[in-house]
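Spelled out, the chains give:
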Amino acid sequence: MRENLKRMFKPCVRPSGHTYVVAEMSANHQHNIERAEAIVRAAADSGADAVKLQTYTADTLTFKSDNDCFVIKGTAWSGRTLHDLYQEAYTPWEWQPRLMALANDLGMDCFSTPFDETAVDFLEGLNVPCHKVASFELVDIPLLRKIAGTKKPVIMSTGMGTLAEIDEAVGALRSAGCSELALLKCTSAYPAPPEEANLLTIPHLSQTFGCIAGLSDHTLGSAVAVAAVSLGARIVEKHLTLSRADGGPDSGFSMEPDEFRRMVTDIRTVEKALGCVSYELTEKQKENVALRRSLFVVEDIRAGEKFTTSNVRSVRPAHGLHPRHYNEILGCQSVRDIPKGTPLAWDMLQC
């Protein structure tokens, strides 16, 4: 069940390792367990390595208040209170063992984002393979220490995080026992404009903090996610829904199953294309070496006649002398009659 996760945290022998693709369910279940299970099945059918849930309630994440500071502004959920949004969006905890079992049966990992210490304890009781830290919780140092204390791998999104804040969060995790860490570049906008993705941050995260890096992607479409893989992303997380037309808090920036499937296919293609640093001929290239240029006699030449720019050219295919010898053979004499169309060889000339 957890081989993909283990492989992801294992050092990559080649630059193009297996990208761990995570389907984020978030609120797209719309409080219907059958729909939630259908999303898990769609994730498996689309080639995802894992399904991610969220473990919170409205009351563990915020509290009910109409005070203006609890009213959301400037996002897709503007005008709603935090408590109202999270009450609609949360995934019932009693569903989560069932969803995890289904994911495992379908060959995927299933883990979750805990948003408070009780959620960490709950998920540990389910023996999740790892824990996810959401961008908004990057600054919750006590929660990070609680998560790190489980000794499980941690995948942390870094949306809105300054370099100093990320450094503080990474330090808190590592000092509390986290030895396997992955950081995800994330733009915390819903949807996120591609021009704000700043994908070049991905290799910088990996180099700066000595860990796996990836992308938690809220842009529309798959182009940004696929590009991230070409820059070294080892994890790609995207929201998945059955249909955006069904609505819901996260539907507007979620992928439908056929889109998710195409993204995974493109990611796997990019992985193959990245390969490794190599100047060796591939088997397919070897078949075409004979079509390179070489020196050919292009006009009939009599014995004793000199080779000139008029009767010798560098053309395809590669059956004659290497083109590097072109200037060297000019002015040499032919030792015999040579019909045009003959590949030039050393035993035909005398210099």
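Summarised in this report is the structure supplied together with it. (Residues numbered from 1 in each chain as written. Predicted model: local features only at pLDDT ≥ 70, side-chain atom pairs only at ≥ 80, totals over all residues. Heavy atoms only, no water.)

1. Focus: the nonpolar core
Okay, so step 1: Counting residues in each nonpolar core, the largest one holds 45 residues, and the members touching the most others are Ile155, Ile235 and Phe260.
Okay, so step 2: Among the elements that make up this core, the one with the highest residue count is helix H2 (residues 33-45) (six residues).
Okay, so step 3: Excluding its chain neighbours within four sequence positions, the residues that come into contact with Ile155 are Met8, Phe9, Phe111, Cys130, His131, Lys132, Val133, Ala182, Leu184 and Ile235.
Okay, so step 4: With 29 residues, the next largest nonpolar core counts Ile141, Ile166, Leu181 and Ile202 among its residues. (Core = buried A, V, L, I, M, F, W, Y, C linked by side-chain atoms within 4.5 Å. Buried < 20%, exposed > 50% of the residue type's maximum accessible area, 1.4 Å probe, protein only. Helix = DSSP H or I, 4+ residues; strand = E, 2+ residues; numbered from the N terminus. Contact = heavy atoms within 4.5 Å.)

2. So, the packing of helix H10 (residues 223-230) against helix H11 (residues 257-274)
Okay, so step 1: Close contact between H10 and H11 brings their axes to 9 Å; oriented N to C, the two are set at 20°. One way to sum up the angle between H10 and H11 is to call them roughly parallel. Two packed elements cross with a definite hand, and for H10 against H11 that hand is right-handed. Residues Ala225, Val226, Val229 and Ser230 of H10 pack against Met263, Asp266, Ile267, Val270, Glu271 and Leu274 of H11. (Axes fitted to C-alpha atoms, helices over the stretch in contact; angles between N-to-C directions. Parallel < 35°, antiparallel > 145°, perpendicular 65-115°, else oblique. Left-handed = near helix turned anticlockwise from the far one by under 90°.)

3. Considerations on helix H5 (residues 96-105)
Okay, so step 1: Listed as buried for H5 are Gln96, Leu99, Met100, Leu102 and Ala103. Around the axis of H5, the buried residues are gathered within 160° of arc, so they sit on the same side.
Okay, so step 2: Contact partners of the buried residues in H5: H2, strand S2 (50-55), strand S3 (109-114) and helix H6 (117-125).
Okay, so step 3: Backbone geometry just downstream of H5 places Gly107 in the positive-phi region, at approximately 85°. (Arc of directions from axis to C-beta.)

4. Notes on the packing of aromatic side chains
Okay, so step 1: Going through the model one piece at a time under the given rule, you end up with five aromatic pairs.
Okay, so step 2: Geometrically, the ring pair formed by Trp93 and Phe122 is tilted, given 5.0 Å between the ring centres and 35° between the ring planes. Of this pair, Trp93 sits in the loop between helix H4 (82-89) and H5 while Phe122 sits in helix H6, and the two are 29 residues apart along the sequence.
Okay, so step 3: Using a relative accessible area of 22% as the deciding quantity, one classes Phe122 as partly exposed.
Okay, so step 4: Taking the centre distance of 5.3 Å and the plane angle of 50° together, the rings of Tyr190 and Phe253 count as tilted. In this pair, Tyr190 sits in the loop between strand S6 (181-186) and helix H9 (201-209) while Phe253 sits in the loop between strand S8 (235-239) and H11, placing the two residues 63 residues apart along the sequence.
Okay, so step 5: Looking at Tyr190, the relative accessible area reads 18%, which means it is buried.
Okay, so step 6: Looking at Phe253, the relative accessible area reads 6%, which means it is buried.
Okay, so step 7: Taken together, Tyr56, Tyr86 and Phe115 form an aromatic cluster joined through their ring pairs. (Phe/Tyr/Trp six-rings, centres within 6.5 Å; stacked < 30°, edge-to-face > 60°.)

5. Observations regarding H10
Okay, so step 1: Every buried residue of H10 is listed here: Val224, Ala225, Val226, Ala228 and Val229.
Okay, so step 2: In this structure, the buried residues of H10 make contact with H9, strand S7 (212-216), S8 and H11.
Okay, so step 3: Just beyond H10, the residue with positive phi is Gly232, at close to 110°.

6. A look at the state of the cysteines
Okay, so step 1: For the structure shown, the criterion picks out one disulfide.
Okay, so step 2: Each disulfide pairs two cysteine sulfurs, and for Cys332 the partner residue is Cys351, the sulfurs being separated by 1.7 Å. Between Cys332 and Cys351 the sulfur-sulfur dihedral comes to about 100°; the bridge is accordingly right-handed. Separated by 19 residues along the polypeptide, Cys332 in the loop between helix H13 (326-329) and strand S11 (333-334) and Cys351 in the segment after strand S13 (349-350) bring together distant segments of the chain.
Okay, so step 3: The cysteine Cys178 is free of any disulfide, with Cys211 supplying the nearest cysteine sulfur at 9.1 Å.
Okay, so step 4: The class of Cys178 is buried, set by a relative accessible area of 5%.
Okay, so step 5: Here Cys186 stays free of any disulfide, with the sulfur of Cys211 as its closest cysteine sulfur at 15 Å. (Disulfide = S-S within 2.5 Å.)

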